[in-house]
Amino acid sequence: MKKTLIINGHPDKESFSFALAAAYKKGLVKSNAEIKEINIRELNFNPNLQYGYRKRTELEPDLLDAQEKLKWAEHLVWVYPVWWSSVPAIMKGFLDRVLLPGFAFKKRENSLFSDKCLKGKTARIICTLDQPAWYYRWIYKSPSHHAIKKGTLHFIGIRKVRITTIGPIRLSKEAYREKWLQKVEKLGEKNK
């Protein structure tokens with residue numbers, strides 16, 4: 001049974017992303033999984049990595065707690081909307097502030113390479129679009145998928161990453177959204 005952490009990157013608690021996160025959790029509960037959650041919108045932190053890596057910025061208590069949850073988890077579930085072919089600003093700030101050298105990766109001395117600190121974990125990305133998923137994949141080439149899967153999760157050691165892309169949400173009917181909530185709940189039951 002996997003220890004699963006659901007990380008919701010949508011800033012609006014009444015969004016479809018919150019409904020998707022709740023559906024995944026509902027499935028996890030059915031499988032008796034151990035569950036923790038991070039709703040980034042509820043955290044008290046400055047999303048700006050003010051000095052980059054040149055000078056350390058002390059982590060707020062909510063970010064220290066987030067790091068503990070990330071260490072604890074065996075499976076990470078990221079739920080967020082794709083905005084401007086990327087993630088919401090609050091989620092990007094969370095990634096910048098939490099996935100720091102020494103925690104998520106370690107720079108090697110006199111090398112361009114880093115050691116990955118979060119190896120052995122798996123991840124599921126559940127993201128929403130305002131365009132058809134096929135269009136995002138074939139026309140735009142899925143930039144946010146590459147950024148999160150390869151540029152972020154692979155970089156810190158999480159190699160097995162599955163992606164569920166849901167779209168278009170804008171102008172979608174209730175039946176379409178309900179179908180996706182059921183699918184995501186089943187993913188939670190399988191803890192994938």
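Bear in mind the structure is a predicted one, so any value in this text is a computation, not a measurement. The residue numbering used here restarts from 1 in each chain and proceeds along that chain's sequence as written. In view of the model being predicted, local features appear only for residues whose pLDDT reaches at least 70, and side-chain atom pairs are presented and counted only at 80 or more, with totals across whole chains, interfaces and linings using the full set of residues. Heavy atoms from the whole structure form the basis of all side-chain values; hydrogens and water molecules are not counted.

Our focus in this paragraph is the overall build of the protein. When helices and strands are tallied, the protein shows six helices and seven strands. Strands here are runs of E lasting at least two residues and helices are runs of H or I lasting at least four, both read from the DSSP assignment and numbered beginning at the N terminus. Along its sequence from the N terminus, the protein presents helices and strands in the succession β-α-β-α-β-α-β-β-β-α-α-β-α. Seen through its principal axes, the protein has C-alpha atoms that stretch 55 × 40 × 30 Å. A 1.4 Å probe rolled over the protein chains alone gives each residue an accessible area, and that area as a share of the maximum for its type sets the label: buried under 20%, exposed over 50%, partly exposed in between. Every one of the 192 residues in the protein was classed for burial, and the buried ones make up 46%.

Moving on, we get to the packing of helix α2 (residues 61-72) against helix α3 (residues 89-98). The axes used here are C-alpha line fits, helices contributing only the stretch in contact, and every angle between their N-to-C directions lies in the interval 0 to 180 degrees. At their nearest, the axes of α2 and α3 sit 10 Å apart, and the two run at 80 degrees to each other. Taken together, the axis directions place α2 and α3 in an arrangement best described as roughly perpendicular. Taking contact as the criterion, the partners of Leu63, Ala66, Gln67 and Leu70 in α2 are, on α3, Phe94, Arg97 and Val98. Any angle between 65 and 115 degrees counts as roughly perpendicular, while under 35 counts as roughly parallel, over 145 as roughly antiparallel, and the rest as oblique. Whether two residues are in contact is decided by their heavy atoms, any of which lying within 4.5 Å being enough.

This part is about the pattern of salt bridges. Each salt bridge in this description consists of a side-chain nitrogen of Lys or Arg and a carboxyl oxygen of Asp or Glu lying within 4 Å of one another. For the coordinates displayed, the defined rule picks out 11 salt bridges. Residue Glu185 pairs with Lys30 through a salt bridge whose shortest N-O separation is 2.4 Å. In this pair, Glu185 is assigned in helix α6 (residues 174-190) and Lys30 in helix α1 (residues 16-30), connecting sequence segments 155 residues apart. Assessed through its relative accessible area of 13%, Glu185 is described here as buried. Glu58 is the salt-bridge partner of Arg56, the closest N and O atoms lying 3.6 Å from each other. With relative accessibility at 57%, the residue Arg56 sits in the exposed group. Overall, Glu58 belongs to the exposed group, its relative accessible area being 59%. When salt bridges that share partners are traced, they join Lys26, Lys30, Glu185 and Glu189 into one network.

Turning next to the nonpolar core. Side-chain atoms within 4.5 Å link the members of a nonpolar core, which is a set of buried Ala, Val, Leu, Ile, Met, Phe, Trp, Tyr and Cys residues. If you look at the biggest cluster of nonpolar residues, it comprises 37 residues, and the most contacted ones within it are Ile7, Leu76, Trp78, Tyr80, Phe94, Leu99 and Leu153. At the level of secondary structure, the elements contributing two or more residues to this core comprise β1 (3-8), α2, β3 (75-81), α3, β6 (122-128) and α5 (143-154). Residue contacts for Phe94: discarding those within four places in its chain leaves Ile7, Ile38, Ile40, Leu43, Phe45, Leu63, Ala66, Trp78 and Leu99. In terms of nonpolar packing, the next biggest core, distinct from the first, is built from 17 residues, Ile6, Tyr24, Ala33 and Ile166 among them.

Looking at the secondary structure, you find Gly188 in helix α6. Contacts of Gly188, omitting those with residues within four sequence positions, involve Tyr24, Gly27, Leu28 and Ser31.

The pairing test for Phe, Tyr and Trp rings, Trp by its six-membered ring, is centres within 6.5 Å, and the orientation test on the planes gives stacked under 30 degrees, edge-to-face over 60, and tilted for anything in between. Taken as a whole and assessed by the stated rule, the structure comprises five aromatic pairs. Ring plane angle 70 degrees and centroid distance 5.1 Å describe the contact between Phe105 and Phe155, whose orientation is recorded as edge-to-face. Residue Phe105 is located in strand β4 (residues 105-107), and its partner Phe155 is located in the loop between α5 and β7 (160-166); the two are separated by 50 residues in the primary sequence. Judged by relative accessible area, Phe105 falls into the buried class, the value being 5%. You can call Phe155 partly exposed: its relative accessible area is 36%. Aromatic pair Trp134 and Tyr135: ring centres 5.6 Å apart, planes at 80 degrees, arrangement edge-to-face.

Turning to α3, its buried residues number three or more, namely Met91, Gly93, Phe94, Leu95, Arg97 and Val98. On the buried face of α3, the contacting elements are β1, β2 (34-39), α2, β3 and α5.

Everything listed is a geometric property; what it means functionally is a separate question.
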